[in-house]
Amino acid sequence: MTGAAGAPVTGTGRAWWRDAVVYEVYLRSFADSDDDGVGDLGGLRSRLPYLADLGVDALWITPWYPSPMADGGYDVADYCDIDPRFGTLDDADALLAEAHALGLRLIVDLVANHTSEQHPWFRAALAAGPGSPERDRYFFRNGRAGGAEPPNDWISAFGGPAWSRVREADGSPGQWYLHLFAPQQPDLDWTHPGVREDFDAVLRFWFDRGVDGIRVDAAPAMAKVTGLPDAGHAPGALFESRTWVGNPHWDVDEVHDILRRWRRIGDSYGGDRLFVTEAVVNGPERLSRYVRPDEMHTSFNFDYLTCPWDARSLRAVIDASLAALEPVGAPATWVLSSHDETRHATRFGRARTGAATMGFDTGAPSADRELGLRRARAAALLTLALPGSAYLYQGEELGLPEVEDLPEEALQDPTWERSGRTARGRDGCRVPLPWRGERPPFGFTEDGVAPWLPQPPGWATMTVAAQEGDPASTLSLYRAALQLRRRLPELAGAPLTWVDSGDDVLALDRGPAFRCVVNLSGEPLDVTAHGRVLVASGPCDGRLQPDTAAWFATGGT
Ligand code: GLC
């Protein structure tokens, strides 16, 4: 059954995005169909049946627009087209139709805080010179100290100052422009009416084509305090937006005017279009402001993603997230990995299990692979048992680790250079997927073609083909859990109730018949009283082993 623009319909009357499992497709690394070593829409189309079988509800596709790829496509040169490396608009239309036919919804990524330096607006601004209306779409300012110093102390998420100086047409050093990310990503000035109107048209362009949702990239960056006052950053400060209060370039109140404007556009379409924001802000209360009834529907939960593998901390984050969202009526989201963070199968095997964003934690001590994977599998069951929507990052269903030993010459993430080569950045979580075979490129691209990032030869045992027939594999675990999640009505809607089980155990009920238990203690845990095991992430024969989780049919009370 299909609804508006061919989108699948669930028939329950409950909006699909309230409990959806969304799979993040990092397009460059998913599957390559034209043998250039870069993933593309053809590759994704050919693997849609794999994603439908996995049991996810929707796909979020990272930016597919024409881009110089200074930041992996998050530097957009044209918002209404597809990069030739990925395919064409016809391919995107075909992908949408095929995904919908398989019951999968599609979410596109909108990067509106900044454009590429190659976008015609920025090129026009550079050419037009100081004081021109073209420069008003961005933040061009004169420098301090006679022009030699940046206009203020703002910093870039990738390290270093958030300002770069241009050469004017006559070759003289000129104004500075703002970029909260890489210098190739100039920030737009969202107080400019033309910027607002042009993005209204971009939203309509994609909604008209039938996309089911939009991920709003870097939402808290989109408004700045008038006058661009100093933020008071200490020299060498990192972009730790989860700790900032009253920062003039992040989570400024006027962001919400933009989000409300977009929500009105989404609501003007039939069906159930979703907005999900990426908002790394200071705690659940600030986050809940992004999902007020007239703003976005959901927002990624970075407090959960960055939380250490520790029962007390996890429970506190889960409780605080649910409590903050309750008053605004929005569902929580749960996410463990993405194209921006160290993969959790590696993180959870480190001495320090919490995450730092943007690849700033890859200098961390090396991981115990086996421990990390065991915990990652348990974490998957916990995540999929929580009320709300869950986001999976491609490859986590295979238990892929972070690739921590990419050769330096292979690194492409701007974080590497911007941090003065101290943080390796995010390439280690972006290594192309292994599909089949004994050696690279593991079916990602044609044999003999080098993927854009090298894959470890040791991934032969982690390919989709190697895991498919193995009931103990991580892929089988994800499939089983996702199928159960669809089948058990309490996993869509029933509230969470904690069951007291001691400090190092998480035990939660969803309704009277379902229980999830996670053993974070160092000892096996007697679970015979909990009921019949539905699925377990590891050995569970009356005793649940350390760092293992299980779902139980509790049979009702
Ligand atoms: C978001 C994206 C990240 C990108 C940044 C700048 O955080 O997830 O990959 O580098 O925005 O657009």
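Let me begin by describing the structure that accompanies this report. What you are looking at is a predicted structure, and each value in this text was computed from that prediction instead of being measured. (Residues numbered from 1 in each chain as written. Predicted model: local features only at pLDDT ≥ 70, side-chain atom pairs only at ≥ 80, totals over all residues. Heavy atoms only, no water.)

### Quick look at the overall build of the protein
- A tally of regular secondary structure across the protein gives 14 helices and 18 strands.
- Its C-alpha atoms give the protein a radius of gyration of 23 Å, near enough to 24 Å, the size a compact globule of 557 residues would have.
- Overall size of the protein, expressed as C-alpha extent along the three principal axes, is 80 × 55 × 50 Å.
- Within the protein, buried positions represent 62% of all 557 residues.
- In the protein, the share of contacts with a sequence separation of at least 24, taken over all contacts with a separation of at least 6, comes to 67%.
- Summed over its atoms, the accessible surface of the protein is roughly 20,300 Å², and 50% of this surface lies on carbon and sulfur atoms. (Helix = DSSP H or I, 4+ residues; strand = E, 2+ residues; numbered from the N terminus. Rg over C-alpha atoms; globule rule 2.2 N^0.38 Å. Buried < 20%, exposed > 50% of the residue type's maximum accessible area, 1.4 Å probe, protein only. Contact = heavy atoms within 4.5 Å. Areas by Shrake-Rupley, 256 points an atom, 1.4 Å probe, with all protein chains shown as cover.)

### Section: the site of the ligand
- Neighbouring the ligand are 14 residues; Asp 71, Asp 217, Glu 278, His 339 and Asp 340 lie closest to it.
- A distance of 2.5 Å separates an oxygen atom of the ligand from a polar side-chain atom of Asp 71.
- Relative to its free-state accessible area of 310 Å², the ligand is covered by the protein chains to the extent of 99%.
- Because more than half of its atoms lie within 2 Å of the grid, the ligand is assigned to the largest pocket. (Near = heavy atom within 4 Å. Polar contact = N/O pair within 3.5 Å; in protein donor to acceptor, adjacent residues only side chain to side chain. 1 Å grid on protein atoms, 1.4 Å probe; cavity = no way out; pocket = protein on both sides within 12 Å on 5 of 7 lines; lining within 4 Å. Sits in = over half its atoms within 2 Å of the grid points.)

### Looking at the sheet that holds strand β8 (residues 274-277)
- With parallel pairing, eight strands are arranged side by side in an open sheet as β9-β8-β7-β3-β2-β1-β11-β10. The outermost strands of the open sheet, each flanked by one partner alone, are β9 (298-299) and β10 (333-335).
- Helix α5 (residues 193-209) rests against β3 (105-110), β7 (213-216) and β8 of the sheet, and its axis sits at about 160° to β3.
- Here helix α6 (residues 255-267) sits on the sheet in contact with β3, β7 and β8, set at roughly 155° to β8. (Pairing = 2+ DSSP bridges. Axes fitted to C-alpha atoms, helices over the stretch in contact; angles between N-to-C directions.)

### Quick word on the pattern of salt bridges
- Summed over all chains, the structure comprises 35 salt bridges.
- The partner of Arg 215 in a salt bridge is Asp 217, and the shortest N-O contact between them spans 2.9 Å. We note that Arg 215, like Asp 217, is buried.
- The shortest N-O distance in the salt bridge between Arg 260 and Asp 257 comes to 3.5 Å. Residue Arg 260 and its partner Asp 257 are located together in helix α6, separated by three residues, close to a single helical turn.
- With a relative accessible area of 23%, Arg 260 lands in the partly exposed category.
- With relative accessibility at 38%, the residue Asp 257 sits in the partly exposed group.
- Taken together, the salt bridges that share partners define one network made up of Asp 71, Asp 340, Asp 413, Arg 426 and Arg 430. (Salt bridge = Lys/Arg side-chain N within 4 Å of Asp/Glu carboxyl O.)

### Considering a negative patch on the surface
- A grouping of Asp 34, Asp 35, Asp 36, Glu 446 and Asp 447 is seen on the molecular surface, where their side chains present a negatively charged patch.
- Position of Glu 446 among the secondary structure elements: in the loop between α12 (414-418) and α13 (464-468).
- Of the residues examined, Glu 446 reaches a relative accessible area of 44% and is grouped as partly exposed. (Patch = residues over 30% accessible without salt bridge, like charges linked within 9 Å, V, L, I, M, F, W, Y side chains within 5 Å. Lys, Arg positive; Asp, Glu negative; His and termini not counted. Charge placed at Lys NZ, Arg CZ, Asp CG, Glu CD.)

### Focus: the layout of surface pockets
- Considering only enclosed or pocket space, the largest pocket measures out at about 610 Å³ in volume.
- Around the largest pocket sit 40 residues that line it, and Phe 239, Ser 241, Val 280, Thr 357 and Met 358 are the ones nearest its centre.
- For the lining of the largest pocket, the class distribution of residues is 21 nonpolar, nine polar and 10 charged. (Points joined across faces, edges and corners; volume = space filled by probe spheres on them. Nonpolar A, V, L, I, M, F, W, Y, C, P; charged D, E, K, R; others polar.)

### A look at the packing of aromatic side chains
- Taken as a whole and assessed by the stated rule, the structure comprises 28 aromatic pairs.
- Relative to Tyr 391, the ring of Phe 300 has its centre 4.8 Å away and its plane inclined at 90°; by these criteria the two rings are edge-to-face. You can see Phe 300 sitting in the loop between β9 and α8 (302-305) and its partner Tyr 391 sitting in strand β11 (residues 389-393), a full 91 residues away along the chain.
- You can call Tyr 391 buried: its relative accessible area is 3%.
- Centroid distance Trp 309 to Phe 348: 5.2 Å. Interplanar angle 40°. Geometry classified as tilted. Of the two residues, Trp 309 sits in the loop between α8 and α9 (311-325) while Phe 348 sits in the loop between α10 (344-347) and α11 (369-385), which places them 39 residues apart along the sequence.
- A relative accessible area of 9% places Trp 309 in the buried class.
- Among the residues examined, Phe 348 registers a relative accessible area of 2% and is labelled buried.
- Here the basic side chain of Arg 135 rests over the ring of Phe 140, its NZ or CZ set 4.4 Å away from the ring centre.
- Across from the ring centre of Phe 348, 5.2 Å away, lies the NZ or CZ of Arg 347, which sits over that ring. (Phe/Tyr/Trp six-rings, centres within 6.5 Å; stacked < 30°, edge-to-face > 60°. Lys NZ or Arg CZ within 6 Å of the ring centre and 35° of its normal.)

### Focus: the nonpolar core
- Among the nonpolar cores identified, the biggest contains 170 residues, and Tyr 23, Trp 64, Phe 199, Trp 262 and Trp 551 are the most heavily contacted of them.
- For this core, the element with the most residues is α11, which contributes seven residues.
- Residues Val 499, Val 505, Cys 540 and Phe 552 belong to the second largest nonpolar core, which totals 10 residues. (Core = buried A, V, L, I, M, F, W, Y, C linked by side-chain atoms within 4.5 Å.)

### Things to note about the pairing of β11
- Where burial is concerned, most of β11 is hidden: five out of the five residues are buried.
- Side chains Ser 389, Tyr 391 and Tyr 393 project from β11 onto one buried face, and the interleaved Ala 390 and Leu 392 project onto a second face that is buried too.
- Inspection of the sheet shows β10 paired to β11 by three bridges, in the parallel sense. Across the sheet, the residue bridging to Trp 334 is Ala 390, located in β11.

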